[in-house]
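Structural description and commentary
Next come the chains, spelled out residue by residue.
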Amino acid sequence: MMNKLHYDSPARFWREALPIGNGFTGVMIYGGRKTETLCFNDTTLWSGYPKDYNNSQSLEYIGKVRELIFAGKNSEADALAQKKMIGFYSESFLPLGEVSIRFKGLRNGGYKRELDLSKAIHSVYSDGITRETFASHPHGIVACRITSEYPVTAVIRAKSKLKSKTVCDDGLFLTGQAPDYVAPNYLRGELFPVKYKEKKGMAFCLGMKVRTNGQVCYQGKSITITHFTEAVLIFSTATGFIGYDQMPLTDREAVKRICAERLKNCQDPYDVIRNRHIEDFRALYQRQSISLGGESELTTDRLLGEVKKGGDVRAICDLFYNYGKYMTVSASRRSGQPMNLQGIWNASLRPPWSSNYTVNINTQMNYWGASACGLFECLEPFLQMVYETMERGKKTAEINYGCRGFACNHNVDLWRKTPPVRGTSNYMLEPLCGVWLANEIYAHYRNGAFSGQEDEVREIVEQGARFCLDYLVLHDGEYVICPSPSPENYFVTNAKNAYLDYASAFDMGLVRQVFTNALEISEDSELKSEIREKQSKLYPFKKGENGICEWHTHFETPEKGHRHFSPLYAFYPGREIGFYSHREQTEWVRELFHYRLKHSGQYIGWSAAWAICLAARLREGETVLSVIRDFLSHSVFSNLFCVHPPFLFQIDGNMGYVAGINEMLLSEERGKIELLPALSDEFASCGEVRNMFVCGAKISFRWKDGLVTAITSDKPVTVLGKHLSESVKTEGDITVKS
């Protein structure tokens, strides 16, 4: 299996460095020859503190906005919404600090750096020195062991882009303060985008202890280790974060004591820490696996280069899949925070889109493939975030929209902000993003996640359904969402650009899905009766000139290849339009999908990943392969981080790719499982899936020449009689149906 990223030169930039993480602390490692650079993040280090941006004016004017939309005055509705229904921007995920280790007395030698995904260990071999670094979840620390074939000296320093100071006295401690507010990076006209004025931002600390056979000298702001052949550096991070609804600690010394206590408690020998880390990581990473039949000894950057030349993609596809799983386990662990736009790795004081939780697609995509891979523990932070967002969003639903349930617009942060931001209404005003989060939670629950947490799942789904029941309005005898955007897209009506309409396919798909989910999981008969009454009168999906109608009727869209596939939500990731059960609507989906692909001019990683998922569910194996080739050729950095143009990292494309490969290999509709639904000729020769999770069952299978030769399942399942060899072997309670 392809489980190693390896290179024959150091990283020159942050986006070439390699990531490690334990679900709390993330580190990017450069692997330099004479200087090692470690860039630290802590998942709870964000700007700001809990703030209330709910807006009672929104409820006053929503009726007028609806009136304008129904009258065909869409652009006037946009202007009113953007003036009266706004909130404020989310806070930002911040970089904690950077540690540099400068070596002296080196001899010339060879070089190699690698990241072993199966062990979650980063290694550098350079000039007779070996550096091994990993982030341990069980111990809650980061460990770096440096061994040398001859005595060397190292000087260690730390710095931060935030207000901070470094003290070296029986250890290294970098302490500092987060800003009260950091403006989003896209607000280029801000005179003071980073503000410390109120001094309410949380305190933070990075601590380090040294174990060595050399001599240690503490020199105020640096540590020098002389004449050593072995040194172990133990790092810990801490912040003043207490809870999403509580003011954080601002006392640096108090947070430093927390950090120092964690380091003090880590007394185990290095090998014990290392072995326990590997055991813990592998328990998740190796629970499920795939093989597409490819192997290669090429360095990772050369492997990517071969794809651009039209070479075999199987090895890099395997590696990229495993890398997505690796990052999920590294970034999202029990009791931590869920993955944001950059997972847990960010170097920018004003990161792209604040590195927040963008919940009009990106946060959801981060977890699309997790439950199928059996990474149930990694989903727990996501469930916790959605539950907290639900609690916050009840107030937004009531104050902003006069509804029960919970509302959440497109940006969420550590403080679980749910009102809109400021900006154009096609992204600002999306109160059903909370419903999307609820639907995602239920999809993972349906797949086997959240055992023992059914009550939380049920409450989230019910509250999402209640919001829809109240937010729907009756128009011409049918229930519609109004105002209704199609995320970040716009259309032309009355010779003007417009953002808001009613009954967008996106919103109506969300409503249908949450109603279906609530009817399945809810035990509230009154709620279910309300749902059935309105469900039968929902505005239907319609056919437009280019496929399924994006808004209530066909409008011209200036951006024909728009990056969002939101109108297709009900098909994927939703399940309201089934490939077999809704043939006509599936063809509408197919038409708009190909219309967008044909006109797409940007290589946006997450958009390409969504296209892989859609093509796979559409059973278009060669389209899957074509998008994968474009994706890997244009939308991936050399360290396999996903690209958002121009040169920005977003982790969602990495994770969406995992989901797309899962869908290519196994699709389920109404309890029936189809194996190899979208396998291209490139992957047909041979391959294997081990322990894919679907509807609570754990399925393994192998294939040869495009046909499944063996299937096992630990629970009763129904498999469609497609792509099966005549001599297929089955083990377990497997029913094959045509």
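Right above here is the structure, for reference.
Let me begin by describing the structure that accompanies this report. Since we're looking at a predicted model, the values are computed, not measured. (Residues numbered from 1 in each chain as written. Predicted model: local features only at pLDDT ≥ 70, side-chain atom pairs only at ≥ 80, totals over all residues. Heavy atoms only, no water.)

1. Some remarks on the overall build of the chain
Short version of the rule: Working definition: helices are DSSP H or I runs of at least four residues, strands are E runs of at least two. Numbering for both runs from the N terminus. Throughout, radius of gyration means the C-alpha value; the globule benchmark is 2.2 Å times the number of residues raised to the power 0.38. The classification of residues rests on relative accessible area computed with a 1.4 Å probe and restricted to protein chains. Under 20% of the type maximum is buried, over 50% is exposed, and intermediate values are partly exposed. A contact between two residues is defined here by any heavy atoms of the two lying within 4.5 Å. Shrake-Rupley sampling with a 1.4 Å probe provides the accessible areas, and residues are treated as covered by the protein chains on show and by no other component. Residues scored as positive are Lys and Arg, those scored as negative are Asp and Glu, and His as well as the terminal groups of each chain are ignored. In this description, the location of a charge corresponds to atom NZ of lysine, CZ of arginine, CG of aspartate or CD of glutamate.
Along its length, the chain carries 17 helices and 35 strands. Expected size for 738 residues packed as a compact globule is a radius of gyration near 27 Å; at 26 Å, the chain falls within 12% of this value. Along the longest, intermediate and shortest principal axes, the C-alpha atoms of the chain span 80 × 70 × 45 Å. Relative to its full complement of 738 residues, the chain shows a buried share of 64%. Taking as baseline every contact in the chain between residues at least 6 positions apart, the subset at least 24 positions apart corresponds to 71%. By element, 46% of the accessible surface of the chain is carried by carbon and sulfur atoms, the whole surface being about 26200 Å². Between the mean site of the 87 positive side-chain charges and the mean site of the 85 negative ones, the chain shows a separation of 6 Å.

2. Some remarks on the pattern of salt bridges
For clarity, the threshold we go by: Salt bridges are defined as contacts in which a side-chain nitrogen from Lys or Arg sits within 4 Å of a carboxyl oxygen from Asp or Glu.
On inspection of all chains with the given rule, the structure shows 39 salt bridges. Residues Arg404 and Glu530 are paired through a salt bridge, measuring 3.0 Å at the closest nitrogen-oxygen approach. One end of the pair, Arg404, is in the loop between helix 8 (376–401) and strand 19 (411–412); the other, Glu530, is in helix 13 (residues 525–535), and 126 residues separate them in sequence. Here Arg617 makes a salt bridge to Glu663, at a shortest N to O gap of 3.0 Å. Residue Arg617 is located in helix 15 (residues 605–617), and its partner Glu663 is located in helix 17 (residues 652–665); the two are separated by 46 residues in the primary sequence. Assessed through its relative accessible area of 6%, Arg617 is described here as buried.

3. What to know about the sheet that holds strand 17 (residues 289–291)
Selection rule: A strand pair is defined by DSSP finding two or more bridges across the two strands. Lines fitted to the C-alpha atoms define the axes, with helices restricted to the stretch that makes contact. Angles between their N-to-C directions range from 0 to 180 degrees.
As summarised here, the arrangement of the five strands in space is 17-30-31-32-34, forming an open sheet in which the pairing is mixed. A strand with exactly one partner marks an edge of an open sheet, and here the two such strands are strand 17 and strand 34 (724–731). In this sheet, adjacent strand axes meet at a mean angle of 15 degrees when their direction is disregarded. As paired elements, strand 32 (residues 707–713) and strand 34 share four bridges and run parallel to each other. Considered in strand 34, the bridge of Ile711 is made with Thr730.

4. Section: the packing of helix 12 (residues 505–521) against helix 13
In plain terms, the rule: Whether a crossing is left-handed or right-handed is set by the direction in which the near helix is turned from the far one by less than a right angle, anticlockwise for left-handed and clockwise for right-handed. Residues are sorted three ways: Asp, Glu, Lys and Arg are charged, Ala, Val, Leu, Ile, Met, Phe, Trp, Tyr, Cys and Pro are nonpolar, and all the rest, Gly among them, are polar.
Contact pair helix 12 / helix 13: the axes reach a minimum separation of 10 Å and the direction vectors enclose 145 degrees. The element helix 12 and its partner helix 13 pack so that their crossing is left-handed. Residues Phe515, Thr516, Ala518 and Leu519 of helix 12 lie in contact with helix 13, whose contacting residues are Lys528, Ile531, Arg532 and Gln535. A class-by-class count of the residues in the contact of helix 12 with helix 13 yields four nonpolar, two polar and two charged.

5. Some details on the nonpolar core
The condition that has to hold: For the purposes of this section, nonpolar cores are sets of buried Ala, Val, Leu, Ile, Met, Phe, Trp, Tyr and Cys residues that join through side-chain atoms within 4.5 Å.
Ranked by size, the top nonpolar core spans 229 residues in total, and within it Leu665 and Phe701 carry the most contacts. In terms of residues, this core owes the most to one element, helix 6 (residues 314–331), which gives 11 residues. The contacts of Leu665, once residues within four sequence positions are left out, are Ile290, Leu292, Glu674, Leu675, Leu676, Pro677, Leu679, Val689, Phe701 and Trp703. Of all hydrophobic cores here, the second largest spans 17 residues; its members include Cys205, Val232, Tyr270 and Ile273.

6. Some remarks on the sheet that holds strand 35 (residues 734–737)
For sheets, the rule is that strands pair by backbone hydrogen bonds, running either parallel or antiparallel. The sheet built from four strands is open, its strands ordered 28-29-33-35 with mixed pairing. Strands at the two margins of the open sheet, each flanked by one partner only, are strand 28 (666–669) and strand 35. Adjacent strand axes in the sheet meet at a mean angle of 35 degrees when their direction is disregarded. Sheet analysis places strand 33 (residues 717–720) next to strand 35, joined by four bridges and oriented parallel. Following the sheet pairing, Val719 is matched in strand 35 by Val736.

7. Here we look at the packing of helix 5 (residues 300–308) against helix 16 (residues 621–634)
How we decide: To sort the angles, those under 35 degrees are grouped as roughly parallel, those over 145 as roughly antiparallel, those from 65 to 115 as roughly perpendicular, and the leftovers as oblique.
One can describe the packing of helix 5 onto helix 16 by two numbers: an axis separation of 9 Å at closest approach and a directional angle of 130 degrees. As judged from the angle between their axes, helix 5 and helix 16 are oblique. Helix 16 is crossed by helix 5, and the crossing has left-handed handedness. Across the interface between the two elements, Leu304, Val307 and Lys308 of helix 5 pack against Arg629, Leu632 and Ser633 of helix 16. Grouping the constituent residues of the contact of helix 5 with helix 16 by class yields three nonpolar, one polar and two charged.

8. What to know about helix 13
Formally: Taken from the helix axis, the directions to the C-beta atoms give the arc we talk about.
Leu527, Lys528, Ile531 and Lys534 are the residues of helix 13 that are buried. Each buried residue of helix 13 sits inside an arc of 135 degrees when the element is viewed along its axis, so together they form one side. Seen from the open side of helix 13, the exposed residues pointing more than 90 degrees away from its buried face are Ser525 and Glu526. In this structure, the buried side of helix 13 is in contact with helix 11 (454–471), strand 20 (472–475), strand 21 (478–481) and helix 12.

9. Focus on the packing of aromatic side chains
Where we set the bar: Two rings from Phe, Tyr or Trp (for Trp, the six-membered ring) form a pair when their centres sit within 6.5 Å of each other. Planes less than 30 degrees apart are called stacked, planes more than 60 degrees apart edge-to-face, and all others tilted.
According to the stated counting rule, one finds 41 aromatic pairs in the structure shown. An angle of 70 degrees between the planes, with centres 6.3 Å apart, marks the rings of Tyr89 and Tyr186 as edge-to-face. On the criterion of sequence distance, the pair formed by Tyr89 in the loop between helix 2 (74–84) and strand 5 (97–104) and Tyr186 in the loop between strand 12 (181–182) and strand 13 (194–195) is long-range, its members being 97 residues apart. A ring pair is formed by Phe631 and Tyr657, whose centres lie 6.2 Å apart and whose planes are at 45 degrees; its orientation type is tilted. Of this pair, Phe631 sits in helix 16 while Tyr657 sits in helix 17, placing them 26 residues apart in sequence. Put simply, the rings of Trp368, Trp436, Phe506, Phe565, Tyr569, Tyr572, Phe593 and Trp610 touch in pairs and so form one group of aromatic residues.

10. Considering the pairing of strand 2 (residues 18–21)
In the case of a regular strand, side chains alternate between the two sheet surfaces. Side-chain alternation along strand 2 places Leu18 and Ile20 on one buried face and Pro19 and Gly21 on a second face that is also buried. Sheet topology places strand 2 next to strand 3 (residues 25–29); four bridges connect them, and they run antiparallel. In the sheet register, Ile20 faces strand 3, and the bridge partner there is Val27.

11. Overview of the state of the cysteines
For clarity, the threshold we go by: Cysteine sulfur atoms that come within 2.5 Å of each other are treated as a disulfide pair.
Following the criterion strictly, the structure yields zero disulfides and no others. Among the cysteines around Cys205, which has no disulfide bond, Cys259 carries the closest sulfur, lying 3.8 Å off. Overall, Cys205 belongs to the buried group, its relative accessible area being 0%. Left unpaired, Cys695 is separated from the closest cysteine sulfur, that of Cys373, by 15 Å.

12. Comments concerning helix 8
The condition is simple: Across the chain, bend at a residue is computed as the angle between axes fitted to the seven residues ending at that point and the seven starting from it.
At Arg392, helix 8 is deflected by roughly 35 degrees, the largest bend along its length. Looking one or two residues beyond helix 8, the residue adopting positive phi is Gly402, at roughly 65 degrees.

The values are spatial; any link to function lies outside them.
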